[in-house]
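Listed below, chain by chain, are the residues.
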Amino acid sequence: QVQLVESGGGLVQPGGSLTLSCVVNGTFAALNFMNWHRQRPGKEPELVASITVGGRQDYADLVRGRFIISRDNAKNSVYLQMNNLEPEDTAVYLCNVLIRPTGAADWTRYWGQGTQVTVSS
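This report concerns the structure included in the present document.

1. Thoughts on the pattern of salt bridges
- This structure, assessed with the given rule, holds six salt bridges.
- Its salt-bridge partner being Arg38, residue Glu46 comes within 3.2 Å of it at the nearest N-O pair.
- Assessed through its relative accessible area of 19%, Glu46 is described here as buried.
- Classification of Arg38 as buried rests on a relative accessible area of 1%.
- Of the charged contacts in the structure, one is a salt bridge between Glu46 and Arg40, with a shortest N-O distance of 2.7 Å.
- We classify Arg40 as buried; its relative accessible area is 13%.
- Linked by salt bridges that have partners in common, Arg38, Arg40, Glu46, Arg66, Glu86 and Asp89 make up one network.

See below:
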């Protein structure tokens, strides 16, 4: 079975930084887009950042210039470096990846369980 394992969340003061990691474990045929979503308190889930196999990056307006998404294809990993964090960045951050399972013809989106990021004084 494919599993996405997230790490790096925690409590940080405003203006601080955190880096989240997500590793895709298990067996699969191929990986495609790797993404980070988040769900802030009282709000619907939102896409934070996305990165293609070739490394092209897209960001939500609220995080552009502060967050950096990257990937290591050899390690089947995606990262989210978060700088100058603000209280409104407090959320559960969820990794998700488009994966073609072994023996499958179609792509499937797999999700991690999420990691809590709390920005507070």
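There is more to say after this.
2. A short note on the sheet that holds strand S8 (residues 77-82)
- As summarised here, the arrangement of the four strands in space is S1-S3-S8-S7, forming an open sheet in which the pairing is antiparallel. Since the sheet does not close on itself, it has two edges, and those belong to strand S1 (3-7) and strand S7 (67-72), each with one partner. Sheet twist, expressed as the mean angle between neighbouring strand axes with direction ignored, is 15 degrees.

3. Some details on the state of the cysteines
- Applying the stated criterion across every chain, the model contains one disulfide.
- Here Cys22 engages in a disulfide with Cys95; their sulfurs sit 2.2 Å apart. Between Cys22 and Cys95, the disulfide has an S-S torsion of -80 degrees and is therefore left-handed. You can see Cys22 sitting in strand S3 (residues 18-25) and its partner Cys95 sitting in strand S9 (residues 91-100), a full 73 residues away along the chain. Cys95 matches Cys22 in its accessibility class, with the two residues each being buried.

4. Describing the environment of Pro14
- With respect to the helices and strands, the residue Pro14 is situated in the loop between strand S2 (10-12) and S3.
- Sequence-wise, Pro14 and Glu86 are 72 residues apart; in three dimensions their C-alpha atoms are separated by 5.1 Å.
- Here Pro14 is in contact with Leu85, Pro87, Val119, Ser120 and Ser121, once residues within four sequence places are set aside.

5. Structural notes on the environment of Asp72
- Along the polypeptide, Asp72 turns up in strand S7.
- For the pair Asp72 and Asp89, spaced 17 residues apart in sequence, the C-alpha to C-alpha distance is 25 Å.
- Residues in contact with Asp72, not counting those within four places in the same chain, are Ser77 and Tyr79.
- Among the polar contacts listed, one links the side chain of Asp72 to the backbone nitrogen of Ala74, at a separation of 3.1 Å.

6. Remarks on unusual backbone geometry
- Not every positive phi belongs to a glycine, and Asn76 is a case in point at roughly 55 degrees.
- Inspection of the secondary structure puts Asn76 in the loop between S7 and S8.
- Classification of Asn76 as partly exposed rests on a relative accessible area of 22%.
- Of note in this structure, Asn84 is not a glycine but carries a positive phi near 50 degrees.
- Within the secondary structure layout, Asn84 lies in the loop between S8 and S9.

So, how was this worked out
- Throughout this description, residue numbers start from 1 for each chain and increase along the sequence as written.
- Confidence filtering applies because this is a predicted model: local features only for residues at pLDDT of at least 70, side-chain atom pairs given and counted only at 80 or more, and all residues used for totals across whole chains, interfaces and linings.
- As a convention, hydrogens and water are excluded, and side-chain values are obtained from all of the structure's heavy atoms.
- For salt bridges, the criterion is a side-chain nitrogen of Lys or Arg within 4 Å of an Asp or Glu carboxyl oxygen.
- For the exposure calls, accessible area comes from a 1.4 Å probe over protein chains only, and a residue counts as buried if that area is under 20% of its type's maximum, exposed if over 50%, partly exposed in between.
- At least two bridges found by DSSP between two strands are what make those strands a pair.
- By definition, any uninterrupted DSSP run of H or I lasting at least four residues is a helix, any uninterrupted run of E lasting at least two residues is a strand, and each is numbered from the N terminus.
- Where helices are involved, their axes are fitted lines through C-alpha atoms of the stretch in contact, as for all axes, and angles between N-to-C directions lie from 0 to 180°.
- Disulfides are defined as cysteine sulfur pairs within 2.5 Å.
- Any two residues whose heavy atoms approach within 4.5 Å at even a single point are treated as in contact.
- Any N or O atom pair separated by 3.5 Å or less is treated as a polar contact, with the protein-specific requirement of one donor-capable and one acceptor-capable atom, and with residues adjacent in sequence counted only for side-chain atom pairs.

The values reported here are purely geometric and, on their own, carry no functional implication.
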